[in-house]
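# Structural overview for review
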Amino acid sequence: MPYTLEPIDLRILGALQKDGRLTNQALSSEVGLSTSPCWRRVRQLEETGVIQGYTATLDRRQIGLGVLAFIRVKIDSHSEAEAEEFSCDVLKLSEVVACYSIAGDADFLLQVVAEDLDSYADFAMAVVRHLPRIKEMQTTFVLKEIKPFKGFPLDVGQR
């Protein structure tokens, strides 16, 4: 069951999604709360798992990852064991930056990065295609990122 968020929690989460490096002093000032209660709320959000960590947002192109692609994968069987086995195999692949079990005409959606098209082709053909249980795979290349992920909307469900 989801954690019940109060308006002050939403303000804290919004500020931290924009800048996870805010000091408690700056955060408390931004959300309009004194430092001690602000610190306690942040700790509570961390302990309940609402906040799962703090990371830096990188520009993939600046670190040499010029290709972003999505691979839709169908597996041979829809058994829970085979899906779990596929999931475990995918977790080991650093080029796969996100993986989702999906409904529809495919079973999984993999978000993949690579240096260039040749590197992507090598990865897709030598690694992904040879994973056990793959029945079919289809790649969609991202031509331009219009709205990359920057954080979750905190106003959805609060209206």
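The name that an unreviewed UniProt entry assigns to the protein chain is DNA-binding Lrp family transcriptional regulator, with the source organism given as Rhizobium paranaense.

### Some details on the side chain of Arg133
Structurally, Arg133 is set in the loop between helix 5 (117-128) and strand 4 (134-141). In terms of polar contacts, Arg133 uses its side chain to reach the side chain of Glu85, at 3.1 Å. Once residues lying within four places of it in the same chain are set aside, the contact partners of Arg133 are Lys74, Ile75, Asp76, Glu82, Glu85, Phe86 and Asp89.

### Concerning the sheet that holds strand 2 (residues 96-101)
Strand-to-strand pairing in sheets goes through backbone hydrogen bonds, with the strands running parallel or antiparallel. Judged by pairing direction, the sheet is antiparallel, and its four strands sit side by side in the order 2-3-1-4 without closing on themselves. Two strands lie at the open edges of the sheet, namely strand 2 and strand 4, each paired on one side alone. Ignoring strand direction, the axes of neighbouring strands in this sheet form an average angle of 20 degrees. Looking at chain direction, strand 2 and strand 3 (residues 108-114) are connected through five bridges and run antiparallel. Within the sheet, the bridge partner assigned to Ala98 lies in strand 3 and is Gln111.

### Focus: the packing of helix 1 (residues 7-18) against helix 2 (residues 24-31)
Helix 2 packs onto helix 1 with a crossing angle of 125 degrees between their chain directions and a minimal axis gap of 10 Å. It follows that helix 1 is oblique to helix 2 by the angle criterion. In this structure, helix 1 meets helix 2 at a crossing whose hand is right-handed. For the pair helix 1 and helix 2, the contacting residues are Ile8, Arg11, Ile12, Ala15 and Leu16 in the first and Leu27, Glu30 and Val31 in the second. In the contact of helix 1 with helix 2, the residues fall into six nonpolar, no polar and two charged.

### Describing the layout of surface pockets
Estimates place the volume of the largest pocket at around 1,900 Å³. Along its surface, the largest pocket is lined by 43 residues, and Thr55, Thr57, Phe149, Lys150 and Gly151 are the ones closest to its centre. Here the residues of the lining of the largest pocket are counted per class, giving 25 nonpolar, nine polar and nine charged. The residue makeup of the lining of the largest pocket includes at least three contributed by each of domain 1 (7-48) and domain 2 (60-142).

### Brief notes about the UniProt feature "domain: HTH asnC-type" (unreviewed entry) in the protein chain
Residues given the UniProt feature "domain: HTH asnC-type" (unreviewed entry) here are residues 5-66. With 53% helix and 0% strand, the stretch residues 5-66 has end C-alpha atoms that lie 38 Å from each other.

### Concerning the pattern of salt bridges
Taken as a whole and assessed by the stated rule, the structure comprises eleven salt bridges. One salt bridge connects Arg43 with Glu47, and the closest N-O pair in it is separated by 3.3 Å. Residue Arg43 and its partner Glu47 are located together in helix 3 (residues 35-47), separated by four residues, close to a single helical turn. Assessed through its relative accessible area of 35%, Arg43 is described here as partly exposed. Measuring nitrogen to oxygen at the nearest pair gives 3.0 Å for the salt bridge that ties Arg60 to Glu145. Taken together, the residues span a long stretch of sequence, with Arg60 in the loop between helix 3 and strand 1 (67-75) and Glu145 in the segment after strand 4 at a distance of 85 residues. If you follow the salt bridges from partner to partner, you end up with Asp59, Arg60, Arg61 and Glu145 in one network.

Cut-offs and rules
The residue numbers shown here count from 1 along each chain, following its written sequence. Residue-level local features of this predicted model are given only where pLDDT is at least 70; pairs of side-chain atoms are given and counted only at 80 or more, and the full residue set underlies all totals for whole chains, interfaces and linings. Each side-chain value is derived from all of the structure's non-hydrogen atoms; neither hydrogens nor water enter the calculation. Numbering goes from the N terminus for both helices and strands, where a helix is a DSSP run of H or I of at least four residues and a strand is a run of E of at least two. Residues adjacent in sequence count toward polar contacts only when both atoms are side-chain atoms; beyond that, a polar contact is any pair of N or O atoms within 3.5 Å, and within protein one must be able to donate a hydrogen and the other to accept it. We call two residues in contact whenever any of their non-hydrogen atoms come within 4.5 Å of each other. At least two DSSP bridges between two strands are needed for those strands to be called paired. In this analysis, axes come from line fits to C-alpha atoms, helices being fitted only over the stretch in contact, and the angle between any two N-to-C directions falls in the range 0 to 180 degrees. Angles are sorted into four bins: roughly parallel if under 35 degrees, roughly antiparallel if over 145, roughly perpendicular if 65 to 115, and oblique for all others. Take the far helix as your reference; a near helix turned counterclockwise from it by less than a right angle gives a left-handed crossing, and one turned clockwise gives a right-handed crossing. All residues other than Ala, Val, Leu, Ile, Met, Phe, Trp, Tyr, Cys, Pro, Asp, Glu, Lys and Arg, Gly among them, are scored as polar; the first ten of these are nonpolar and the last four charged. The distinction between a cavity and a pocket rests on a 1 Å grid over the protein atoms alone: a 1.4 Å probe fits inside a cavity but cannot get out, while a pocket stays open yet meets protein on both sides within 12 Å along at least five of seven lines, and a residue with an atom within 4 Å of a point counts as lining. Grid points are joined across faces, edges and corners, and a volume is the space filled by probe spheres set on the points. Domains are outlined according to an automatic or database domain assignment. UniProt positions are given in the numbering used here, feature names are shortened, and annotations may be inferred rather than shown by experiment. Throughout this description, the term salt bridge denotes a Lys or Arg side-chain nitrogen within 4 Å of a carboxyl oxygen of Asp or Glu. Type-normalised accessible area, obtained with a 1.4 Å probe on protein chains alone, sets the label of each residue: buried when under 20%, exposed when over 50%, and partly exposed for intermediate values.

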